[in-house]
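Fold and geometry: a report
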Amino acid sequence: MENRLREHALSILPILRGNGLDAGPLRAALDDCAEFRLAVPFIGAMNSGKSSLLNALAGLPLLPVGITATTAVPTGLVFGENGAFAQRGGALLPIGLGDLRAGIDLAGVTMLRASCALPFFAELPSLCLIDTPGLGAGTLESERALRESLPDPCACLLVFAADDPVVRESETAFLRELSLRGAPFHPVLTKCDKLLPAEREQAAAYLRESLADLTGTVPETVACVSARGDVEPVRELLRGLQSRAARLAENRLRQALLLAANQLREYLRMRRDAAGLTVPESARQIELLEERSRLLAGPLEEQARKLEQQAGDWERSLAARLAGTVERAAPSMEAMLLCEQNPASYVDDTLRAAALDSLRRELEPALRGYQKSVNALLRLQGVASGPDAAARCAVSPSWGVLAGFPGSDGLFAEILALLRGVPRGRRRESLRVMLPVRVLPKLSERALAFTAQEGGTALEAVRQAAGKAVREQSLLRRAALEELERRGEPNAAEQTRLLREIRAQAQAADAALSACCRKDEEDAYGTDL
């Protein structure tokens, strides 16, 4: 199906350019489709066997393994010409494939990337397998690097050692993160050669039950493998993810082609209508178009004012919600600090969940309501056609909150340092003085400022996209009418040739639309449509 969509996209690209329409988004979508890769992070505790499993899948000892933590930064593996790079700042520095295992100076390195022309990797051209630092490694830097290695979309493999299939606090926190992202996960038991068949089945059943209790979802399967023996269950799992990734890339191309073909068809319809007008009639139509745009400006501004009011209501509600969340979390913060534990990860997850819930329940419905109102106005004025303008300006601020939510580690590091100078018998009393003054207000303010900024960015993007939809349609109509004025009134033969050309181009646009509108089964990773 993807090849068919590519053929249609390539067929209408020159038609778009020939009519003076913007072919850039469709060209970019074609390039993105060819380069798209679904991220598949291998996530688990230290010494759970992630690197060994990836080496077994590759059939080569690419990655370092050992009893202690050996994966300091995420390492991405893809199919391609043999080569490796270290990402330091914004630069990609070439290294040798052997350096992945032998080790390099990782100062300032945020990720390692390698491409391998290996047989099994050739089956996974749309996947990027990521070896990650072990959960619970004890460094906030490695945890932050792990979070940043999870782009959207991704599908995670949760790796547990068969002789220790316990879901610890580090895995529990990460499962909460995956739940917030809506990212699918697939449990894997490694080192299964250490257990008898009956013990292996018990370990898999225990892990499945533990994950079901934590997430509310029972995993379909638990892949049981051994890096020293059979890894075929994970190979099959990855082949399934490759099929899903290919469908996701195809759906993204379908969306871009759908928008481009609709825009082309609309423009060709306008050209066809204009072809039957006289020059004076064309001039009059341009005047009517300008009048229609003026009439539309008032109702659009009214909808924008309503959205601004709803956004203000949301921000006030968000402030109250975050303050309440911080207050309810205070006893847990106190208990962890008294045990000399840094509660930053727990607090960040809690605030992130509250911010996301507020965005999804209050702001995003307001954005969608605004989009629907704008679409109705556009249709009423005969401006919008084809797919809803909402499809062009659907913006979700949720991903920004997940990807860039500010950490609270610095606040608690200061408190822990102060506590060390306080006698143990007086620490609880000191905390009950310090937390309300030094920590709780700053937590609420920091979370509110960041979330409101993300919401405001989405708000502005939706408003800009709605205005762009109006401008695009007006420009299309004006261009079609002005073309007639430039050419003058055609004679009968010229008009016949022009209509034949328009009809042939419209057939190409209709064929592309027909290819786009084939109904596929719903993709578990989303279609962005």
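What you see as residue numbers is a count from 1 along each chain, following the sequence as written. Local features in this predicted model are restricted to residues of pLDDT 70 or higher, and side-chain atom pairs are both shown and tallied only at a pLDDT of 80 or more, whereas totals for entire chains, interfaces and linings draw on every residue. In computing side-chain values, all of the structure's heavy atoms are included and hydrogens and water are not.

A word on the overall build of the protein
Only DSSP runs of H or I reaching four residues or more are called helices, and only runs of E reaching two or more are called strands; each is numbered from the N terminus. Helix and strand counts for the protein stand at 16 helices and nine strands. Residue burial is assigned from relative accessible area. The probe radius is 1.4 Å, only protein chains are included, and a residue is buried under 20% of its type maximum, exposed over 50%, and partly exposed in between. Relative to its 529 residues, the protein shows a buried fraction of 47%. We call two residues in contact when some of their heavy atoms are within 4.5 Å. Residue pairs at least 24 apart in sequence account for 81% of intrachain contacts in the protein once pairs closer than 6 positions are excluded. Every accessible area reported is derived by Shrake-Rupley at a probe size of 1.4 Å, with residue values counting cover from the shown protein chains alone. Surface accessibility of the protein: about 25,400 Å² in total, with carbon and sulfur atoms responsible for 52%.

Things to note about the nonpolar core
For this analysis, a nonpolar core means a set of buried residues of the types Ala, Val, Leu, Ile, Met, Phe, Trp, Tyr and Cys, connected via side-chain atoms within 4.5 Å. Counting residues in hydrophobic clusters, the biggest one holds 70 residues, and the most contacted among them are Ile-12, Leu-26, Phe-42 and Leu-238. Here this core gets 15 residues from one element, more than from any other, and that element is helix α9 (residues 232-275). Setting aside residues no more than four positions away along its own chain, Leu-238 makes contact with Val-40, Phe-42, Leu-57, Phe-120, Leu-124, Leu-127, Leu-129 and Leu-157.

So, the pattern of salt bridges
One side-chain nitrogen of Lys or Arg within 4 Å of one carboxyl oxygen of Asp or Glu is enough to make a salt bridge. Within the structure shown, the criterion is met by 21 salt bridges. When the shortest N-O distance is used, the salt bridge between Arg-316 and Asp-313 registers 2.5 Å. Linking Arg-316 with Asp-313, this pair stays in helix α10 (residues 279-338), spanning three residues, or about one helical turn. When its relative accessible area of 57% is taken as the criterion, Arg-316 is described as exposed. Note on Asp-313: relative accessible area 41%, which makes it partly exposed.

Considerations on unusual backbone geometry
Trans is the common state for peptide bonds, and a negative phi is the common state for residues other than glycine. In this structure, Asn-47 is a non-glycine residue whose phi angle is positive, near 65 degrees. Among the structural elements, Asn-47 can be located in the loop between β1 (38-44) and α3 (50-58). If you check the backbone angles, Lys-191 has positive phi at about 60 degrees while not being a glycine.

Focus: the environment of Ala-465
In this structure, Ala-465 sits in helix α15 (residues 427-487). On the basis of relative accessible area, Ala-465 is assigned to the buried category, the value being 16%. Between the C-alpha atoms of Ala-465 and Gln-371, which are 94 residues apart in sequence, the distance is 9.5 Å.

Remarks on the packing of helix α1 (residues 2-18) against helix α16 (residues 492-516)
Angle between the axes and distance between the axes are the two parameters that describe a pair of packed helices. Axis lines are fitted through C-alpha atoms, for helices just across the contact stretch, and the angle between N-to-C directions can take any value from 0 to 180 degrees. Running from N to C, α1 and α16 point in directions that differ by 150 degrees, and their axes come no closer than 10 Å. Taken together, the axes of α1 and α16 are roughly antiparallel relative to one another. Viewed along their axes, α1 and α16 form a crossing whose handedness is left-handed. Packed against α1, whose contacting residues are Arg-4, Leu-5, His-8, Ile-12 and Ile-15, the element α16 presents Gln-505, Ala-508, Ala-509, Ala-511, Ala-512, Ala-515 and Cys-516 at the interface. Gly is placed with the polar residues, together with every amino acid not listed as nonpolar (Ala, Val, Leu, Ile, Met, Phe, Trp, Tyr, Cys and Pro) or charged (Asp, Glu, Lys and Arg). Residues that form the contact of α1 with α16 fall into these classes: nine nonpolar, two polar and one charged. Roughly parallel covers angles under 35 degrees, roughly antiparallel covers those over 145, roughly perpendicular covers 65 to 115, and oblique covers all other angles. Take the far helix as the reference: if the near one is turned anticlockwise from it by less than a right angle, the crossing is left-handed, and if turned clockwise, right-handed.

Digging into α3
Helical periodicity: at 3.6 residues per turn, an α-helix aligns residues three or four positions apart in one direction. Across the nine residues of α3, eight count as buried, placing the element largely inside the fold. Looking only at α3, the buried set comprises Lys-50, Ser-51, Leu-53, Leu-54, Asn-55, Ala-56, Leu-57 and Ala-58. Two residues or fewer past α3, Gly-59 is found with a positive phi of approximately 80 degrees.

Some thoughts on the sheet that holds strand β7 (residues 156-161)
Whether two strands pair comes down to DSSP finding at least two bridges between them. Spatially, the nine strands line up as an open sheet ordered β4-β3-β5-β2-β6-β1-β7-β8-β9, and their pairing is mixed. With one partner strand each, in any of the chains shown, β4 (91-95) and β9 (223-224) form the two edges of the open sheet. Strand direction decides the pairing type here: strand β2 (residues 75-79) and strand β5 (residues 109-116), joined by five bridges, are parallel. By the bridge assignment, Thr-75 is partnered in β5 with Leu-112. Of the strands in this sheet, β1, β2, β6 (127-131), β7 and β8 (185-190) touch α3, which is tilted by about 135 degrees from β1.

Quick word on the pairing of β1
Burial runs high along β1: seven of the seven residues are buried. For β1 and β6, the ladder comprises five bridges, and the chain directions are parallel. Opposite Ala-39, over in β6, you have Cys-128 as the bridge partner. The pairing of β1 with β7 spans three bridges and is parallel. By the bridge assignment for β7, Gly-44 is matched with Val-159.

Some remarks on the environment of Ala-413
For Ala-413, the position within the fold is in helix α14 (residues 409-419). Sequence separation of Ala-413 and Pro-343 is 70 residues, and the distance between their C-alpha atoms is 9.5 Å.

Looking at the confidence of the model for the protein
Think of pLDDT as the predictor's per-residue confidence, scored from 0 to 100. Looking at the protein, pLDDT values average 81 and 80% of them are 70 or higher. Of all the helices and strands in the protein, helix α12 (residues 390-393) carries the lowest mean pLDDT, 40, while β9 carries the highest, 94. Note on residues 519-529: pLDDT under 50 across the span, and 24 contacts to partners over four residues away in sequence or across chains.

Regarding the packing of aromatic side chains
Each Phe, Tyr or Trp ring (for Trp, its six-membered ring) is paired with any other whose centre lies within 6.5 Å, and the angle between the two planes then decides the class: stacked below 30 degrees, edge-to-face above 60, tilted in between. Using the criterion set out here, one finds zero aromatic pairs in the structure. One residue, Arg-235, lies across the ring of Phe-120, its end atom 4.5 Å from the ring centre. Either the NZ atom of lysine or the CZ atom of arginine qualifies as a charge over a ring when it sits within 6 Å of the ring centre and within 35 degrees of the ring normal.

Looking at the pairing of β2
Counting buried positions over the five residues of β2 gives four, a clear majority of the element. One ladder, built from three bridges, connects β2 with β6; its direction is antiparallel. In the strand pairing of β6, Thr-75 is matched with Asp-131.

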